[in-house]
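Per-entry structural report
Each chain is listed here by its residues.
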Amino acid sequence: MNVFFEGIFQPTHLILILIVVLIIFGPGKLPEVGKAMGKTVSEFRRATSASFEQEEKKEKEKASKEKEESDK
């Protein structure tokens, strides 16, 4: 039933996407676009991993406080 998304990342589709990107940005700007995309992805990964670390730290602190209270 989901025929539209079947095989969306086939080589012919990827080549078509690359051609459209080359037409829009031109071959001179393509390295800059790639660099900007790489920075964006790395910043996103760093931000999400930092938020997960903060949540884990809060949970550990809460668990240690509960353990101290139960020991009393």
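Only a predicted model underlies this, so the values are computations on that prediction, with no experimental measurement involved.

Along its length, the protein carries one helix and zero strands. Computed over its C-alpha atoms, the radius of gyration of the protein comes to 23 Å, more than 25% above the 11 Å expected for a compact globule of 72 residues. Burial statistics for the protein: of 72 residues in total, 1% are counted as buried. Looking at the protein as shown, the accessible area adds up to about 7,100 Å², and 64% of this sits on carbon and sulfur atoms. When the 12 basic and 12 acidic side-chain charges of the protein are each reduced to a single mean position, those positions are 7 Å apart.

This part takes up the environment of Ile19. Structurally, Ile19 is set in helix α1 (residues 11-71). When the C-alpha atoms of Ile19 and Phe9 are compared, they prove to be 15 Å apart, with ten residues separating the residues in sequence.

Below, the discussion takes up α1. The end-to-end C-alpha distance of α1 is 62 Å, clearly below the 90 Å that 61 residues give at a rise of 1.5 Å each. Largest kink in α1: about 100°, centred on Lys29, with the proline Pro31 one to four residues after it.

On the surface, a cluster of nonpolar side chains totalling about 410 Å² of accessible area is made up of Ile8, Phe9, Leu14 and Ile17. Its place among the elements puts Ile8 in the segment before α1.

Moving on, we get to a negative patch on the surface. The grouping of Glu53, Glu55, Glu56 and Glu59 at the surface amounts to a negative patch. Tracing the chain through its elements places Glu53 in helix α1.

Here we come to the pattern of salt bridges. Note on pairing: side chains with opposite charge can pair once their charged atoms come close. Inspection of the entire model under this criterion finds two salt bridges. For Glu32, the salt bridge goes to Lys29, with nearest N and O atoms at 3.9 Å. Linking Glu32 with Lys29, this pair stays in helix α1, spanning three residues, or about one helical turn. Given the relative accessible area of 46%, Lys29 is considered partly exposed. Residues Glu43 and Arg46 are paired through a salt bridge, measuring 2.7 Å at the closest nitrogen-oxygen approach. A residue pair is termed a helical-turn pair when its members lie 3 or 4 positions apart in one helix, as Glu43 and Arg46 do in helix α1 at three residues.

The rules behind each value
- Along every chain, residues carry numbers that run from 1 in the direction the sequence is written.
- Only residues with pLDDT of at least 70 get local features here, since the model is predicted, and only at 80 or more are side-chain atom pairs given and counted; chain-wide, interface and lining totals rely on the full set of residues.
- Side-chain measures were taken over the full set of non-hydrogen atoms in the model, leaving aside hydrogen atoms and water.
- The secondary structure listing takes helices from DSSP runs of H or I that are at least 4 residues long and strands from runs of E that are at least 2 residues long, numbered from the N terminus.
- Using C-alpha atoms as the atom set, the radius of gyration is obtained and then compared with a globule rule of 2.2 Å times the number of residues to the power 0.38.
- Relative accessible area decides the class of each residue, using a 1.4 Å probe on protein chains only: under 20% of the type maximum gives buried, over 50% gives exposed, and in between gives partly exposed.
- Under the convention used here, a 1.4 Å probe and the Shrake-Rupley method define accessible areas, while residue burial counts only the protein chains that appear.
- Counted charges follow a simple rule, with Lys and Arg positive, Asp and Glu negative, and His plus the chain ends left uncounted.
- Note on charges: their place is set at NZ of Lys, CZ of Arg, CG of Asp or CD of Glu.
- A helix is expected to span 1.5 Å for every residue after the first.
- Bend is computed residue by residue as the angle between axes fitted to the seven residues ending at the residue and the seven residues starting at it.
- Surface patches are defined over residues having more than 30% relative accessible area and no salt bridge, joining like charges when they lie within 9 Å and nonpolar side chains (Val, Leu, Ile, Met, Phe, Trp, Tyr) when within 5 Å.
- A carboxyl oxygen of Asp or Glu within 4 Å of a side-chain nitrogen of Lys or Arg is what we treat as a salt bridge.

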